[in-house]
Amino acid sequence: MSNNSARGYFILTLKSLGYKEEEIEKILDELHLQFDTITEYEAEQYYYSGAWKK
């Protein structure tokens, strides 16, 4: 999956949850930063670890 397709899924999800365009843009800015600074492996390990639930 490419970063852009992941962004597309993310945007669709946020719109379905009722987020406003300004909120989505702010979140996408942060997502872009994460794509630039965190490897795919690190992100996957973070997801699997469950640390995001704490």
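Anyway, here's the lowdown on the structure attached to this text. It should be emphasised that the depicted structure is a prediction, and the values quoted were computed from it without experimental measurement.

What about the side chain of Arg 7?
Summarising the element assignment, Arg 7 is placed in helix α1 (residues 3–16). As a buried residue without a salt bridge, Arg 7 has its nearest oppositely charged side chain in Asp 36, at a separation of 5.8 Å. Setting aside residues up to four positions removed in sequence, Arg 7 forms contacts with Leu 28, Leu 31, His 32 and Phe 35.

A closer look at the environment of Glu 40
By the secondary structure assignment, Glu 40 is in helix α3 (residues 40–49). Accessibility expressed as a relative area gives 70% for Glu 40, which makes it exposed. For the pair Glu 40 and Asn 3, spaced 37 residues apart in sequence, the C-alpha to C-alpha distance is 9.9 Å.

What to know about a nonpolar patch on the surface
Together, Tyr 46, Tyr 47, Tyr 48 and Trp 52 give the surface a local cluster of nonpolar side chains, amounting to about 540 Å² of exposed area. Residue placement: Trp 52 occurs in the segment after α3.

Cut-offs used in this document
Residues numbered from 1 in each chain as written. Predicted model: local features only at pLDDT ≥ 70, side-chain atom pairs only at ≥ 80, totals over all residues. Heavy atoms only, no water. Helix = DSSP H or I, 4+ residues; strand = E, 2+ residues; numbered from the N terminus. Buried < 20%, exposed > 50% of the residue type's maximum accessible area, 1.4 Å probe, protein only. Lys, Arg positive; Asp, Glu negative; His and termini not counted. Salt bridge = Lys/Arg side-chain N within 4 Å of Asp/Glu carboxyl O. Contact = heavy atoms within 4.5 Å. Patch = residues over 30% accessible without salt bridge, like charges linked within 9 Å, V, L, I, M, F, W, Y side chains within 5 Å. Areas by Shrake-Rupley, 256 points an atom, 1.4 Å probe, with all protein chains shown as cover.

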